[in-house]
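# Topology and contacts: notes
Below are the chains, spelled out letter by letter.
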Amino acid sequence: MFACSKKIASSLASSRTCMNVVNRSMSDKATLPKLPFGYKDLEPVISGEIMELHHSKHHAAYVTNYNVALEKLQEATAKNDANAIVTLGPALKFNGGGHINHSIFWTVLSKDGGKPSDDLLAAINRDFGSLDNLKTQLQTASNGVQGSGWGWLGINSQTKKLQVTTTANQDPLQATTGLIPLFGIDVWEHAYYLQYKNVRPSYTKAILDIVNWSEVSRRYSAAV
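Residues numbered from 1 in each chain as written. Predicted model: local features only at pLDDT ≥ 70, side-chain atom pairs only at ≥ 80, totals over all residues. Heavy atoms only, no water.

## Digging into the nonpolar core
Definition in use: Each nonpolar core is a collection of buried residues, namely Ala, Val, Leu, Ile, Met, Phe, Trp, Tyr and Cys, held together in the definition by side-chain atoms within 4.5 Å. Relative accessible area decides the class of each residue, using a 1.4 Å probe on protein chains only: under 20% of the type maximum gives buried, over 50% gives exposed, and in between gives partly exposed. Going along the chain from the N terminus, every DSSP run of H or I of four or more residues is numbered as a helix, and every run of E of two or more is numbered as a strand. Residue ranges for the domains originate in an automatic or database domain assignment.
Grouped together as the largest cluster of nonpolar side chains are 47 residues, with contacts concentrated most on Ile46, Leu109, Leu162, Phe183, Tyr203 and Ile207. For this core, the secondary structure elements donating two or more residues are helix H2 (48–78), helix H4 (89–107), helix H5 (118–128), helix H6 (131–143), strand E1 (149–156), strand E3 (179–186), helix H9 (200–207) and helix H10 (213–223). In terms of residues, this core owes the most to one element, E3, which gives five residues. A domain split of this core shows at least three residues from each of domain 1 (48–108) and domain 2 (118–222). Formed by ten residues, the second largest nonpolar core is a distinct cluster that contains Ala69, Leu70, Ala76 and Ile85.

Written out as structure tokens, the structure is:
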């Protein structure tokens, strides 16, 4: 086990990388989670080819690179090398965020996702007017991400209000905005290009048909 000094923690805070990482042992390396469905189970919305590449290549790469950075962090911390620790910030944020985001993403998709719970639906109606309005706002926000990133439905832990927002690249929602993630849309091109080409709006509309509302409702109940 090892910890940041206050000075190093302050230096890393701006990139959100001196999180719990530096208080964890190397036995807590990230691992690639198994999908809760088969690669082809979300067809025709997401092809089996995309799902296999997305999970076994892209997510796996984030896990590998995060663990490499984590090992280097342990070495740098043991040497009290502040410069090396700060330099590792971007790699930890990017790859750690990629792992966090994708680990959520797989759980909130389902061929038969059901409907929002009564409590979640009431909150959606309160904060967005209707489920259809929420879907429209989420799709619009996701389509508007410049380059790569994510569209999110999150909940403000203080006000308990639902919010639609976006994050750039692989920035994790809670670490960068404070919102607790309930549902996310990956709008990196690797998530849809083989099937939807450069027509992101077709993908963001279709993916809303495979929301695992049971899991989103569970996450909402845990957050309120």
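## Description of the UniProt feature "binding site: Mn(2+)" (unreviewed entry) in the protein chain
Test applied: UniProt positions are given in the numbering used here, feature names are shortened, and annotations may be inferred rather than shown by experiment. Note on definitions: a residue-residue contact is assigned when non-hydrogen atoms from the two residues lie within 4.5 Å. Polar contact criterion, stated in full: a pair of N or O atoms within 3.5 Å, where within protein one must be able to donate a hydrogen and the other to accept it, and residues adjacent in sequence count only if both atoms are side-chain atoms.
Annotation from UniProt places "binding site: Mn(2+)" (unreviewed entry) at His54, His102, Asp186 and His190. Despite a sequence span of 137 residues, these residues sit close together in the fold, their greatest C-alpha distance being 12.4 Å. Tracing the sequence through the fold places His102 in helix H4. Ignoring anything within four residues of it in the chain, the contact list for His102 reads His54, His59, Tyr62, Trp150, Gln170, Asp186 and His190. Contact partners of Asp186, with chain neighbours within four places excluded, come to His54, His102, Phe105, Gly149, Trp150, Ala191 and Tyr203. A polar side-chain atom of Asp186 sits 2.9 Å from a polar atom in the side chain of His54.

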